[in-house]
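A look at the structure
Next come the chains, spelled out residue by residue.
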Amino acid sequence: MVVLTLNHPEINKEITMCGIIGYAGHRPAVPVIVEGLKRLEYRGYDSAGVAFVQHQGLEVIRAQGKLCELENKLGGCDAFHATTALGHTRWATHGLPVERNAHPHKDGQGRLALVHNGIIENYHPLREMLKNKGREFVSDTDTEVLVQLVSEEWSKDTTLLQAISRALAQVEGTYAMALINLDEPGRIWAARKSSPLLLGMGTGENFVASDIPAFLAYTREVIFLEDNELVELDALSWKVFDVATLKPLNKEVHHISWDLQSAQKGGYRHFMLKEIFEQPQVIANCLAGRMDPKSSCVLLPELDDLPIPEQIQIVACGTSYHAGLWGQHLLESWAKIPVRVEIASEFRYRNPLFRPTDLVLAISQSGETADTLAGMRLAKGEGVPVLGLCNVVGSSVAREADRVIHTQAGPEISVASTKAMCSQLVLLLLLALYWGRQKQTLPRETESQILRGLLGLPGILEAELPRMRGKAQELAQEYSAARSFFYLGRGSSFPLALEGALKLKEISYIHAEGYASGEMKHGPIALIDPEFPTFALAPSDDLLPKVISNLVEVQARNGRIIALAHPGFDLAVDHVWSIPEVYGPLNTFLILPALQLFAYEMAVYLGKDVDQPRNLAKSVTVE
Ligand code: M6R
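What you are looking at is a predicted structure, and each value in this text was computed from that prediction instead of being measured.

1. Topic: the overall build of the chain
- Summing up its helical and strand segments, the chain has 16 helices and 25 strands in all.
- Whereas a compact globule of 623 residues would reach a radius of gyration of roughly 25 Å, the chain reaches 26 Å, a difference of no more than 12%.
- Each of the three principal axes of the chain carries a C-alpha extent, and together these read 80 × 55 × 45 Å.
- Burial statistics for the chain: of 623 residues in total, 61% are counted as buried.
- Partitioning the contacts of the chain with sequence separation of at least 6, the portion at a separation of at least 24 is 71%.
- Entry remark: accessible area of the chain is about 23300 Å², with carbon and sulfur atoms responsible for 50%.
- Positive and negative charge centroids in the chain, built from 58 and 73 side chains respectively, lie 1 Å apart.

Here it is, written out as structure tokens:
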């Protein structure tokens with residue numbers, strides 16, 4: 001069978017990473033679904049749609065664009081009698097984000113409606129096979145193939161449950177899907193393979209969704225569905241089956257303790273701002289229960305019987321990759337463990353070499369990033385243990401890693417990752433302390449200074465954040481006309497320079513490059529002129545004299561400079577942004593929010609959509 005790859009030139013294939021939700025209960029279902037979709041919009045927002053059975057008809061209402069477009073459309077419809085419905089919010093990279101490609105999709109007879117997050121890789125031969133059987137298609141999507149395939153199987157004198165099982169057996173690729181049927185208007189069927197799907201159990205109402213916030217207003221009782229599981233539910237009951245054998249499965253119910261408020265803006269104008277300001281609490285949460293008061297050493301019981309690795313390979317993407325680059329400095333200097341840091345999308349296709357004593361450390365906020373998961377699976381396939389550093393409990397990284405450390409940042413909604421990176425850095429630092437103590441490579445005095453400093457950090461940051469925001473606002477006005485920025489740093493500030501540049505790019509759409517300051521003279525300095533400012537990370541560490549001489553070179557080319565520095569910085573640059581100095585690597589926890597706030601205020605000043613920047617989605621579940 002020919003398997004069509006994602007970038008096959010001959011297909012206009014839809015590639016989605018989307019949010020899905022299904023509700024069966026006692027309330028008008030469409031408002032519940034729309035509310036749930038709002039909480040899933042971070043997964044994609046190119047188009048949205050709902051499906052429900054009402055007045056003996058299967059209705060599908062869809063709209064191109066953000067969810068408000070769907071709401072406008074629903075406002076003009078009679079859509080409030082059904083008590084069971086499905087919803088979908090879509091993110092597409094291929095195939096136009098137009099209404100005919102929006103989900104839900106119906107089968108040819110208009111009896112089934114289906115929503116889907118994932119990619120049916122063999123959709124083309126399946127589509128041809130279905131066409132030969134007389135089925136017609138009205139969209140360019142692989143999802144329509146899936147619903148038609150279920151319909152085809154259902155036409156062969158089976159139950160719908162069996163038909164779904166048989167259809168999914170023919171599918172190659174990934175899916176989280178949910179389906180409703182005109183003939184059983186109160187029932188939903190849903191299944192997953194390599195895309196997230198959860199079951200939420202309420203009183204007289206049940207849900208399926210891609211993520212917990214979608215139904216957290218109604219229930220805290222959750223089942224994490226595994227790959228190849230199929231669920232059938234109505235308002236009063238639910239049953240999970242093995243998708244191939246249709247044998248019923250027993251599932252563990254989890255109780256979710258965080259509240260919906262923590263997934264909402266809490267009075268801030270944007271989620272990003274709220275999440276930046278949550279960092280003091282995030283640091284405190286990451287430390288809770290991690291320090292032994294008697295021995296004052298780090299507690300990581302997740303690792304207790306894991307041999308100390310001889311080499312670590314960190315695999316991650318985006319901001320999580322930058323966190324890994326920063327962690328490399330501490331793991332090498334404190335724990336004396338050689339560390340390689342790899343961009344997951346490169347690692348997975350590079351035939352990396354492993355030794356049996358290696359450890360792969362997969363860092364991911366969402367725990368669903370496709371490339372990071374692929375990197376992890378590659379390592380596992382070679383018998384290398386995988387440690388996941390992950391924020392989302394029950395996510396694929398958390399479930400598939402041999403060990404997992406949860407980063408305790410709480411739900412991060414803004415597409416731009418902020419507090420999650422902060423939490424990753426705390427845990428990387430704790431890892432370096434933990435192995436440094438075990439290997440006795442870290443002087444006790446350094447260890448206790450770090451631990452003392454960490455405990456004081458939330459208070460210092462809490463006090464400093466409002467001042468930082470004021471400075472960021474002032475600088476944003478001053479520099480808003482710039483079309484390009486350099487971010488320069490050395491040593492452990494280099495990964496932060498990369499992160500500062502990424503933040504500015506993704507939310508303000510200003511071109512920015514993070515560079516190691518010492519590399520400037522090897523080419524990039526040619527770009528410097530009065531229109532191309534530099535954001536310099538110049539903390540008072542051993543490398544400051546070197547950074548200063550790099551900045552003098554920038555000044556000699558008439559480049560404007562913002563220097564993020566500690567009191568006592570004495571180079572006369574255009575703007576000195578002075579932040580309090582703390583102990584050694586802990587300074588990172590004050591540099592990072594300054595970079596985040598600068599990017600945030602630039603984006604706000606320029607009127608950009610801060611929480612949902614164009615062309616992006618929160619978790620990148622396709623490669
Ligand atoms: O969920 P993950 O940490 O695996 O996500 C990795 C990247 O997609 C993510 O950090 C992305 O770069 C953010 N938009 C950065 O703000």
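Further notes follow.
2. A few points about the site of the ligand
- Looking at the ligand, there are 14 residues lining it, with Ser320, Ser364, Gln365, Thr369 and Glu506 nearest.
- Take serine 366: an N or O atom from its side chain is 2.7 Å from an oxygen atom of the ligand.
- The side chain of lysine 503 places a nitrogen or oxygen atom 3.0 Å from an oxygen atom of the ligand.
- Summarising the interface, the protein chains cover 91% of the accessible area of the ligand, which totals 410 Å² for the free molecule.
- In terms of residue count, helix 8 (residues 318-334) provides more of the shell around the ligand than any other element does, 3 residues in total.
- For the shell around the ligand, the per-class residue count stands at 4 nonpolar, 8 polar and 2 charged.

3. Focus: unusual backbone geometry
- Of note, the amide linkage connecting histidine 103 to proline 104 takes the cis form, showing an omega dihedral of 0°.
- The backbone of tyrosine 509 sits at a positive phi, close to 60°, despite the residue not being glycine.
- Residue position: tyrosine 509 is located in the loop between helix 14 (493-508) and strand 22 (511-516).

4. Focus: the environment of glutamate 229
- Residue position: glutamate 229 is located in strand 12 (residues 229-233).
- Note: C-alpha distance between glutamate 229 and methionine 272 (43 residues apart in sequence) is 35 Å.
- Other than its neighbours up to four places away in sequence, glutamate 229 contacts Ala190, Ala191, Arg192, Val240, Phe241, Val243, Leu249 and Lys251.
- At a separation of 2.9 Å, a polar atom in the side chain of glutamate 229 contacts the main-chain amide nitrogen of glutamate 226.

5. With respect to the domain arrangement of the chain
- Per the domain assignment, the segments making up the chain are domain 1 (19-260) and domain 2 (271-605).
- For domain 1 and domain 2, the distance between their C-alpha centres works out to 38 Å.
- On the side of domain 2, 9 residues touch domain 1, which itself brings 8 residues to the contact.
- The contact between domain 1 and domain 2 buries some 750 Å² in all, and 58% of this surface belongs to carbon and sulfur atoms.
- At the junction of domain 1 with domain 2, the criterion picks out 1 salt bridge.
- Between glutamate 226 and arginine 399 there is a salt bridge, with the nearest N and O atoms lying 2.7 Å from each other.
- Viewed at the interface, domain 2 and domain 1 are joined by 1 residue pair in polar contact (both at pLDDT 80 or more).
- Broken down by class, the residue content of the side of domain 1 that touches domain 2 amounts to 5 nonpolar, 1 polar and 2 charged.

6. Describing the packing of helix 4 (residues 142-154) against helix 5 (residues 160-169)
- Where helix 4 contacts helix 5, the axes come no closer than 8 Å and their chain directions differ by 125°. Taken together, the axes of helix 4 and helix 5 lie oblique to each other. Handedness of the helix 4/helix 5 crossing: right-handed. Across the interface between the two elements, Leu146, Leu149, Val150, Glu153 and Trp154 from helix 4 touch Leu160, Ala163, Ile164, Arg166, Ala167 and Leu168 from helix 5.
- Split by residue class, the contact of helix 4 with helix 5 holds 9 nonpolar, no polar and 2 charged.

7. Here's the deal with the sheet that holds strand 18 (residues 358-364)
- Read from one edge of the open sheet, 5 strands run 17-16-18-19-20, paired in parallel fashion. Each end of this open sheet is capped by a strand with a single partner; those strands are strand 17 (339-343) and strand 20 (403-406). The mean angle between the axes of side-by-side strands here comes to 20°, regardless of whether they run parallel or antiparallel.
- Where strand 16 (residues 311-316) and strand 18 come together, 5 bridges link them in parallel fashion. Bridged to isoleucine 312 within strand 18 is leucine 359.
- Seen against the sheet, helix 8 touches strand 16, strand 17 and strand 18 and runs at an angle of roughly 175° to strand 17.
- Running at roughly 165° to strand 18, helix 10 (residues 370-381) makes contact with strand 16, strand 18 and strand 19 (386-390) of the sheet.

8. Remarks on the sheet that holds strand 9 (residues 198-201)
- A sheet is described by the order of its strands in space; here 8 strands give the open sequence 3-2-4-1-10-9-11-15, paired in antiparallel fashion. If you trace the sheet from one side to the other, it starts and ends with strand 3 (57-64) and strand 15 (254-255), each paired once.
- Strand direction decides the pairing type here: strand 1 (residues 19-24) and strand 10 (residues 206-209), joined by 4 bridges, are antiparallel. Directly across from isoleucine 21, in strand 10, lies its bridge partner alanine 209.
- Seen against the sheet, helix 2 (residues 67-75) touches strand 2 (47-54) and strand 3 and runs at an angle of roughly 135° to strand 3.

9. Some points on the packing of helix 3 (residues 123-132) against helix 4
- Contact geometry for helix 3 and helix 4: axes closest at 10 Å, N-to-C directions at 45°. On the basis of their axis angle, the class for helix 3 and helix 4 is oblique. Along this stretch, helix 3 crosses helix 4, giving a crossing that reads as left-handed. For the pair formed by helix 3 and helix 4, the contact residues are Tyr123, Leu126, Arg127, Met129 and Leu130 on the first element and Asp142, Val145, Gln148, Leu149 and Glu152 on the second.

10. Here we look at the packing of aromatic side chains
- This structure, assessed with the given rule, holds 15 aromatic pairs.
- Taking 5.5 Å as the distance between ring centres and 25° as the angle between the ring planes, the aromatic pair formed by phenylalanine 207 and tyrosine 218 counts as stacked. Highlighted residues: phenylalanine 207 in strand 10 and tyrosine 218 in the loop between strand 10 and strand 11 (221-224), separated in sequence by 11 residues.
- Ring centres of tyrosine 268 and phenylalanine 277 lie 5.7 Å apart, and the angle between their planes is 40°; this geometry places the pair in the tilted category.

Definitions and limits used
Residues numbered from 1 in each chain as written. Predicted model: local features only at pLDDT ≥ 70, side-chain atom pairs only at ≥ 80, totals over all residues. Heavy atoms only, no water. Helix = DSSP H or I, 4+ residues; strand = E, 2+ residues; numbered from the N terminus. Rg over C-alpha atoms; globule rule 2.2 N^0.38 Å. Buried < 20%, exposed > 50% of the residue type's maximum accessible area, 1.4 Å probe, protein only. Contact = heavy atoms within 4.5 Å. Areas by Shrake-Rupley, 256 points an atom, 1.4 Å probe, with all protein chains shown as cover. Lys, Arg positive; Asp, Glu negative; His and termini not counted. Charge placed at Lys NZ, Arg CZ, Asp CG, Glu CD. Near = heavy atom within 4 Å. Polar contact = N/O pair within 3.5 Å; in protein donor to acceptor, adjacent residues only side chain to side chain. Nonpolar A, V, L, I, M, F, W, Y, C, P; charged D, E, K, R; others polar. Domains from an automatic or database assignment. Buried area = accessible area lost by both parts, 1.4 Å probe. Salt bridge = Lys/Arg side-chain N within 4 Å of Asp/Glu carboxyl O. Axes fitted to C-alpha atoms, helices over the stretch in contact; angles between N-to-C directions. Parallel < 35°, antiparallel > 145°, perpendicular 65-115°, else oblique. Left-handed = near helix turned anticlockwise from the far one by under 90°. Pairing = 2+ DSSP bridges. Phe/Tyr/Trp six-rings, centres within 6.5 Å; stacked < 30°, edge-to-face > 60°.

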